[in-house]
Each structure stands twice: as structure tokens, then as C-alpha cells.
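As a plain string of letters, each chain reads:
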Amino acid sequence: MSFRQLLEKYQQNTATAAEREQVEAELEKYAALTEYLLEEEFQPKMEEDTAAEQEELQKINRSLKWRTRRIVMAAALLACLVMGVVLVFESTWSKWIWYDPTEAAMQEYALDLDCHLAVLSELTMPEVQAEQVSVTERGWGRYDIAVRQRDWSEGDYHWLDGTVTRGEIALHTDAYRPAVGNVFSRGTAEMTSIPEKGGVIQDVATAQEALADVPDTLFLETYVSLAQDWSMAELADFADAVGSETGWLGWVGVRHAPLEEQCLPLMGFDAGSSGYIYDQVDEAYPFYELSLHADTPQDTAWEQHFYALLQYSVDHSDFYTRLNQMGNHGTKCRQVLDYVTRNGVQTYGFVYYGTPSDIRKILAYPEVEGICVSDCRAWVPGLS
């Protein structure tokens, strides 16, 4: 019987025990041979395929690493390029986004900031005048600024610091020195003093007595109060009458509200024509510079000068909203301009600089009702 026939009987479960043993022995033999042949034929190929796969994986890995490096390098290069562009054009961008205190659109050889602060100090600060501003850029909308002020009584200059941070202007607290309300007897309601012996404002008799024997080696800064408001024509006549080689008329307070109303800050103008000459500003705001209108009658020049200062402040109110303590200055100047346009430019008092002899001459004037000496210094004629 052939092995095939034995296998059929084995599969049909009809084989004898001896036949089953014979078939199972043959099957075991064939299984061993098959396993042997498979190992001989496929193992080298599997090892070869595994090596090929490993090499391919290494190639892919190397490719990915190189691509990653290129991406990282490109990203780093792009970041450097962007940062370079940002740094190169940072000044331009920050000035476009935020307020630029280095602008000089109105006056060729001065910053707009110079003019803004000069107007503010003349209108509201009798004792000092802002004359120059120095600006140092710090980047990203930040600037350090220094303001040079002239102190009229001392005759000296002082530098006061400040900052501009993304459009907000902060000056040193001493940079803003407004007129004190009670140094004039008829300045504004609720902020006045009565001229009297021992008071803030000395009455005429007391002041004359105190100055009687004071030598002219002192130079005085004096607030002069009037018993009634004067027009600019009356002030011009007074200035001519008391004029001297040593004394001069300084800041003039202007009535900008009814006497019974309190309206601060006090506002006025410098009756002189010292300081820098902003001729281009004068073209935009005629009579901004008194020195450029010497042929105009003094009273008219003063009136127009005060109007120019107010109009300038109204037109540049956005600057004052950036300045600490002065947010509504532009609005106040508009109100003052409306008032003086209706009622005229009149004064209730002024600041006068001079020797005791100059002040005694002023006290002899009938409509002066008192003075307040706010500062004095040693003075040698011809040397100081």
C-alpha cells in the first residue's frame, strides 16, 4: 500500500494502530525536513532584507535631521532678520505710534516741545520762563527730557528733568510753578489777601516804611496789586512813568473771570521781549513775539500777544493733555480767550523787578494798593 493510501486511511480514521504509527512517523520526518529547508532558504534573505531596511531607515533619519536643521536655521535667520528690521526702524515706528517730543514742525531750530512749554510757562508762571528743552531717546516710545528754566529774580538758569513714556509727559514737580492766588489783592475770589500790616500783601504805608532805609544793593521781585483793573493803555502809561535803568515790568496778571468767581490758574503774559525769538511761530500766531512788533503801540502789542498765547494753547491742547497736572489746560485757555474777547484785556496786578528805589517809586503811584516781595538778592549796580 502506498503512503498516499495510508494517509487517506489516516485522515478517514480507518487506519490500524500500526498504520497510524507509520503515517505519524513519516509526517514527523517531513516536518523536520520542511523546517530545515525553510531555514536554509529564507534566513539569509531575511537578514539581507533587515540590513536593507536598517540602511533605508538611517537614510530617512539623516534626511529628517538635515531638514530639521534647515528649518531651525531658516527660522533663526528669519528671527534675526525681523529683529534687525525692528531695531533699525524702531525709532521710526515708535514715533509713528507714540508722541514724538523731537518734532520741530513749527520752528526750524527749536523743538515743538520748546514752544509748548515756553507758552505754558509764560501764561501761568510769573517767576520763571522755560527756554530750552533737551531730549534723549531711550527707545520704544521712551525719552528723557531736561527743561531749562530762567529764574527771573535770581537771574540764573536751572535744568529740571522729566520723561516721556509712550506719549505721557511727566516733568519734575518744580518745573510747574504757577502764580500763587493770594499774592494779588484782586486776583480771583477765595484766593485773595487784604493789603495790611503783617499780611501777605503789605499795604502801601507799611511797605514804604519798610523800604525807607533799604539800600539799592538789593534787587527785589515784587507782586504789585492794583486797587482797580487797568486797561493795557493804562498799564503802558504806568510803565513809561516809572521806567528806570534798573527796574522793569515782568509778568502781568490778566483778568479772565469776574472778581466774584474763582478761576485758577491765574493767567497773564511777560511784558518784556526776552528769550529766544520764534519768528516762524510768530508768522502762524501774530504777536507771539513782542520783539518783532516794536513799531506797534505797546498796549495793542500786549493785547495781541496775550491772544496769541491763548490761541496757541487752544490749538495745541493735545500736548497739554499729555502733560502731568495740565490735562485740561487747553479747555481753560479757550474759556479765557472767550472771556477776554468779550471783556478786553485788563490787569489787576503785575510783577515788577527793581531796586528798593524803583519799588518806592511804584508805591507812590495812586492806584497801587499794596505789594508782596517774593524774593530778593544782593545786587551791585554795574556788576550784577
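Residues numbered from 1 in each chain as written. Predicted model: local features only at pLDDT ≥ 70, side-chain atom pairs only at ≥ 80, totals over all residues. Heavy atoms only, no water.

Engineer: Summarise the sheet that holds strand β1 (residues 128–139); cite the residues concerned and give the values.
Structural biologist: Strand order across the open sheet formed by four strands is β1-β2-β3-β4, with antiparallel pairing between neighbours. The open sheet is flanked by β1 and β4 (168–171), the only strands paired with a single partner. Across the sheet, the mean angle from the axis of one strand to that of its neighbour is 25°, orientation sign disregarded. As defined by bridge partners, strand β3 (residues 156–165) adjoins β4 across four bridges and the pair is classed as antiparallel. Along β4, the bridge assignment pairs G162 with L171. Lying over the sheet, helix α3 (residues 112–124) contacts β1, β2 (142–151) and β4, oriented at roughly 145° with respect to β1. (Pairing = 2+ DSSP bridges. Helix = DSSP H or I, 4+ residues; strand = E, 2+ residues; numbered from the N terminus. Axes fitted to C-alpha atoms, helices over the stretch in contact; angles between N-to-C directions. Contact = heavy atoms within 4.5 Å.)

Engineer: Report on helix α4 (residues 204–211), specifying residues and quantitative values.
Structural biologist: Residues of α4 that are buried: V204, T206, A207 and L211. With its buried residues spanning 165° around the axis, α4 presents them on a single face. On its buried side, α4 packs onto β5 (202–203), β6 (218–231), α10 (356–363) and β10 (368–378). For α4, the N-terminal capping position is held by D203, with its side-chain oxygen 3.2 Å away from the main-chain nitrogen of A205. (Buried < 20%, exposed > 50% of the residue type's maximum accessible area, 1.4 Å probe, protein only. Arc of directions from axis to C-beta. Polar contact = N/O pair within 3.5 Å; in protein donor to acceptor, adjacent residues only side chain to side chain.)

Engineer: Would you mind going over the confidence of the model for the protein in detail, with residue names and values included?
Structural biologist: Mean pLDDT over the protein works out to 84, with 82% of the residues at or above the 70 mark. Counting interchain partners and residues more than four positions distant, the pLDDT-below-50 stretch residues 85–90 has six contacts. (pLDDT = per-residue confidence, 0-100.)

Engineer: I'd like a description of the packing of aromatic side chains, backed by residues and values.
Structural biologist: For the structure on display, the rule yields 18 aromatic pairs. When the centroid spacing of 5.3 Å and the interplanar angle of 70° are considered together, the rings of F184 and Y223 count as edge-to-face. Of the two residues, F184 is situated in the loop between β4 and β5 and Y223 in strand β6; the sequence distance between them amounts to 39 residues. In this structure Y223 comes out as buried when scored by relative accessible area, which is 2%. Here the aromatic rings of F238 and Y365 are separated by 4.9 Å at their centres, their planes lie at 85°, and the arrangement is edge-to-face. Of the two residues, F238 is situated in helix α5 (residues 232–242) and Y365 in the loop between α10 and β10; the sequence distance between them amounts to 127 residues. (Phe/Tyr/Trp six-rings, centres within 6.5 Å; stacked < 30°, edge-to-face > 60°.)

Engineer: Residues and numbers for the packing of α4 against α10, please.
Structural biologist: In contact at an axis separation of 10 Å, α4 and α10 are set at 155° when each is read in the N-to-C sense. Judged on the interaxial angle alone, α10 and α4 are roughly antiparallel. Regarding α4 and α10, the two cross each other, and that crossing is left-handed. On α10, the residues touching V204, A207, Q208 and L211 of α4 are P356, I359, R360 and L363. (Parallel < 35°, antiparallel > 145°, perpendicular 65-115°, else oblique. Left-handed = near helix turned anticlockwise from the far one by under 90°.)

Engineer: How would you sum up the environment of D161? Please name residues and give values.
Structural biologist: Within the secondary structure, D161 is located in strand β3. A residue is classified by how much of its surface remains accessible, and D161, at 47% relative accessible area, is partly exposed. Beyond its immediate chain neighbours, meaning those up to four positions away, D161 contacts I145, A146, L171 and H172.

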